[in-house]
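Next come the chains, spelled out residue by residue.
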Amino acid sequence: MSRLRIFLSSSIFSFKAQFHWLNPPMWLTMKFVLSVSQMAFFVFVGLFIAGPEAIPFIAIGNSLQSVSWNTIFSVISITGHDKWDGTLPLVLATPASRLPLFIGRAMIHILDGILSVAISFFFAAFLFGVNFAQTNVLALTLTVFLTAFTMAGFGLLIGGLCFHLRNPMVFANIFTYALLLFCGVNFPVQNLPQIIQPISYIFPLTYGVTAARNAIAGATLFDVSLLLGQQLVVGLVSLMVGYFFFQLFERTARKTGKLEEL
Amino acid sequence: MPEALRVIYSAFRMAMLHWFADPQWVIPNIIAPFIFTSVALTLFKDSTGPFGLYAVLGGGMMGMWGNTLYASGFAIEMERWQGTLEEVMAAPSKLLHVVAGRSVSNAVFGLTNMLAVFLIAVLVFRVQIEVDDPLLFVTTTVLTLVSVSTLGLIFASAFVLSRSTQVLTNGLETPLYIISGSMFPIALLPFWIHPIAYVLGPTWGVDAIRLAASQEYLSQTFWQGFDVNTAILLDVVMMMAITLAYAGMAVVLFKVVEKRARIKGTLVEA
């Protein structure tokens, strides 16, 4: 019961904490403006180069990628703000169980990320004419949920790593944008140089965008299950490695007496 | 040295010192243009025509845009966070001149992003970059930098009154890349966006830069039917006229904003 309480309070506080620098109307504006502007940019680039047939591929890819603003950027930001705002010693001084405390930080961002994807799909359909008529709703829904969950795991991995670094926000930016390049969001992973293609498969989003495109084309849950299974494994491994980094940081910080000045 | 220039230079110097003290901060400012350009170059990889140069010049332009936009926002936000905004406002130097110096320094950093994009394009993506008229290319780039910096002043004046500058800069960044046609012709955009594009000085600047780089762009510009040199001249005239209007607006806006901030006394908690 205590673990559940810690998990829930960690979830709620980490989400509420972002309103320290973001007010609710601006949060809503960002939700709509960011989703549509990034998608529109790449849709127009694709339209310029490859013509209208490139639009669905790019619009769906960017819809899924919108989850990373919540699950990568916001989750890593928690580490950054803990360091800047001087709350990290208080967090680490509590006797609370560490695993629910750590995982809880990402939970509401997962729901927020799912909302971002839903808004992006709306734009993809109504602004850019993506056809959702063949969509297998169950497969797509599960893909979106799993993508948000596993990407949060990846966010916690980078967030955990960032405890050891001086400026987590730099990494929040790098990883959020790098997904656009590595995860098959705007072009198939096979278009990347062969030597860097393996990097794409360490990101859960790579599996998610492929599964989403398949589900929108009519693939069943069984058809996309292998992709979702791979995504789940990558997400869980990320989460556990992130937790390891968090614990390592805590141990090192207690030994050296250095929390924020790394 | 006139007072205004001295203040602008001091702010410029201070921004440079800050950058050298903690250079990692430039990464968030330039990461989006850098990644967007890499994505575009990968998309352009199998295309024929002048797409590669389009992506490279667009990426460089976006670097200037992104850096200036962030700089305008953070020039104020960092002062607010560090508790020095009141001192800056209370100083006899005009806030406009302080922000102008920072805005120029950050547009200059944006040029380093342009250089990085060029290097990546040539070394990784094997894009052949040949500039038809190097002198005009450099001249139009510098003038565009001035235009971007001046637009940054207008943003900065609004940011003085808002606590959400970080959010506003994030929200404005990509729409500006789209509207100014950094990486594709404006003709692709819905018609109702065109007037917004034409009141942005950098829209004309990037057009002039492209024309100075390659005459092949003449068929895609606003000035079809003119020769290249006339088209560049017209682009530059448009850009400078708009830039002067921005400068005038910035002077008025900073006066209004400073006055309002002093009357309301809510500068830090805006």
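Residues numbered from 1 in each chain as written. Chains lettered and ligands numbered in written order. Predicted model: local features only at pLDDT ≥ 70, side-chain atom pairs only at ≥ 80, totals over all residues. Heavy atoms only, no water.

A. Inspection of the overall build of chain A at higher detail. Secondary structure summary: chain A contains 11 helices and zero strands in total. When its helices and strands are written in sequence order, chain A yields α-α-α-α-α-α-α-α-α-α-α. Scaling as 2.2 N^0.38, a compact globule of 262 residues should have a C-alpha radius of gyration of about 18 Å, and chain A matches this with 19 Å. Once the C-alpha set of chain A is aligned to its principal axes, its extents read approximately 60 × 40 × 40 Å. Every one of the 262 residues in chain A was classed for burial, and the buried ones make up 59%. Intrachain contacts of chain A at a sequence separation of at least 6 include 80% that bridge at least 24 residues. When the accessible surface of chain A is summed, it comes to about 10,800 Å², and 73% of that surface belongs to carbon and sulfur atoms. When the 13 positive and 8 negative side-chain charges of chain A are each reduced to one mean point, those points stand 10 Å apart. (Helix = DSSP H or I, 4+ residues; strand = E, 2+ residues; numbered from the N terminus. Rg over C-alpha atoms; globule rule 2.2 N^0.38 Å. Buried < 20%, exposed > 50% of the residue type's maximum accessible area, 1.4 Å probe, protein only. Contact = heavy atoms within 4.5 Å. Areas by Shrake-Rupley, 256 points an atom, 1.4 Å probe, with all protein chains shown as cover. Lys, Arg positive; Asp, Glu negative; His and termini not counted. Charge placed at Lys NZ, Arg CZ, Asp CG, Glu CD.)

B. A look at the interface of chain A and chain B. The partner chain B presents 39 residues to the 32 residues of chain A that form the contact. The interface formed by chain A and chain B contains zero salt bridges. Residues that form the side of chain A that touches chain B fall into these classes: 23 nonpolar, eight polar and one charged. (Salt bridge = Lys/Arg side-chain N within 4 Å of Asp/Glu carboxyl O. Nonpolar A, V, L, I, M, F, W, Y, C, P; charged D, E, K, R; others polar.)

C. Focus on the confidence of the model for chain B. When the pLDDT values of chain B are averaged, the result is 81; 90% of them are 70 or greater. The complex prediction reports pTM at 0.86, with the ipTM value standing at 0.84. (pLDDT = per-residue confidence, 0-100.)

D. Just the nonpolar core, in detail. Formed by 163 residues in total, the largest nonpolar core has its most connected members in Phe41(A) and Phe184(B). Leaving out residues up to four positions away in the same chain, Phe41(A) has contacts with Phe36(B), Met62(B), Thr174(B), Tyr177(B), Ile178(B), Met183(B) and Phe184(B). (Core = buried A, V, L, I, M, F, W, Y, C linked by side-chain atoms within 4.5 Å.)

E. Geometry of the packing of aromatic side chains. This model, assessed by the stated rule, comprises 27 aromatic pairs over all chains. An aromatic cluster is defined as three or more aromatic residues linked by ring pairs; in this entry it consists of Phe41(A), Phe42(A), Phe44(A), Trp69(A), Phe73(A), Tyr177(A), Phe36(B), Tyr177(B) and Phe184(B). The ring of Phe57(A) is capped by Arg213(A), whose NZ or CZ atom sits 3.4 Å from the centre of that ring. (Phe/Tyr/Trp six-rings, centres within 6.5 Å; stacked < 30°, edge-to-face > 60°. Lys NZ or Arg CZ within 6 Å of the ring centre and 35° of its normal.)

F. Broad picture of the packing of helix α4 (residues 67-84) of chain A against helix α6 (residues 98-126) of chain A. Residue and element names in this part refer to chain A. At a minimum axis distance of 7 Å, the contact between α4 and α6 shows a crossing angle of 150°. In this view, α4 runs roughly antiparallel relative to α6, as classed from their interaxial angle. α4 and α6 meet at a crossing whose hand is right-handed. Here α4 contributes Val67, Asn70, Thr71, Ser74, Val75, Ile78, Thr79 and Asp82 to the contact with α6, which in turn contributes Arg105, Ala106, His109, Ile110, Asp112, Gly113, Ile114, Ser116 and Val117. (Axes fitted to C-alpha atoms, helices over the stretch in contact; angles between N-to-C directions. Parallel < 35°, antiparallel > 145°, perpendicular 65-115°, else oblique. Left-handed = near helix turned anticlockwise from the far one by under 90°.)

G. View of the side chain of Thr135(A). Residues and elements named next belong to chain A. Looking at where threonine 135 falls in the secondary structure, it is placed in the loop between α6 and α7 (137-162). For threonine 135, a relative accessible area of 16% puts it in the buried group. Setting aside residues up to four positions removed in sequence, threonine 135 forms contacts with Leu140, Ala215 and Ile216.

H. Layout of helix α11 (residues 221-256) of chain A. Residue and element names in this part refer to chain A. The end-to-end C-alpha distance of α11, which contains 36 residues, comes to 50 Å, matching closely the 52 Å that a straight helix rising 1.5 Å per residue would cover. By the largest-angle criterion, leucine 227 marks the main kink of α11, which is about 35°. Looking one or two places after α11, you find glycine 257, whose phi comes out positive at around 75°. (Expected span 1.5 Å × (residues − 1). Bend = angle between axes of the 7 residues up to and from the residue.)

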